[in-house]
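What follows is each chain in one-letter form.
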Amino acid sequence: MAFPLINKQTLSTTASPAAVWRAFTRVDLWPQVLPSVITARLEPAEAFAGGSRILTRATPGSGAADLEYRIVAAEAPRRLVLEIEDTDYRATTEYVIADAPDAAGMTDVAVTSRLEAHGLSQIWRFLVWRERLTPILSASARQRGQAFLDLAERIGETG
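This is a predicted model, so every value here is computed, not measured.

Visitor: Explain the pattern of salt bridges to me, using residue names and the numbers behind them.
Guide: All told, the structure shown has 11 salt bridges when counted by the stated rule. Its salt-bridge partner being Glu-43, residue Arg-53 comes within 2.3 Å of it at the nearest N-O pair. You can see Arg-53 sitting in strand E3 (residues 53-58) and its partner Glu-43 sitting in strand E2 (residues 37-43), a full 10 residues away along the chain. Arg-114 is the salt-bridge partner of Glu-116, the closest N and O atoms lying 3.5 Å from each other. Of the residues examined, Glu-116 reaches a relative accessible area of 11% and is grouped as buried. Since its relative accessible area comes to 33%, Arg-114 is described here as partly exposed.

What follows is the structure, given as structure tokens:
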């Protein structure tokens, strides 16, 4: 794999780090904040840990695809790494949760998204379309990250 597209950004919330972590682990609630997802389930159920899978089904007509995420790392309540492996690409997203250094009562979530091409034809495609793919990667990471923060604010520590 070569020529990865990488996007880094930080999102902030009033939810605590524990609440943010809870939003990630409540896979069953993801469809409430991710409009392109109609169902989401964890396999094995109740095993939110490295090696587990999250299966999502796309909302019909959304243009989204059914996805299988592999949990690469789940270090409660501070770090989560999710990966999607496809025949054409690998997409990895890392969420690092921390108390905001400049604002009491705020939580920052650093989101790093990485998209890597498989095979020469996909590498070529990434090179040609880099200018278009980079903002899409950024917007997608921001939308998903913000959706999880909205869920964290809604469900709190015990939701």
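Picking up after the structure, the text goes on.
Visitor: Please give an account of the nonpolar core that cites residues and values.
Guide: Nonpolar side chains in soluble globular proteins generally cluster together in the buried interior. Formed by 38 residues in total, the largest nonpolar core has its most connected members in Phe-24, Trp-30, Phe-48 and Ile-54. Sorting elements by how many residues they give to this core places helix H3 (residues 119-155) first, with eight residues. If we skip the residues at most four places from it in the chain, Trp-30 touches Ala-23, Phe-24, Ala-40, Ile-54, Thr-56, Leu-82, Phe-148 and Leu-151.

Conventions used here
- Residues numbered from 1 in each chain as written.
- Predicted model: local features only at pLDDT ≥ 70, side-chain atom pairs only at ≥ 80, totals over all residues.
- Heavy atoms only, no water.
- Salt bridge = Lys/Arg side-chain N within 4 Å of Asp/Glu carboxyl O.
- Helix = DSSP H or I, 4+ residues; strand = E, 2+ residues; numbered from the N terminus.
- Buried < 20%, exposed > 50% of the residue type's maximum accessible area, 1.4 Å probe, protein only.
- Core = buried A, V, L, I, M, F, W, Y, C linked by side-chain atoms within 4.5 Å.
- Contact = heavy atoms within 4.5 Å.

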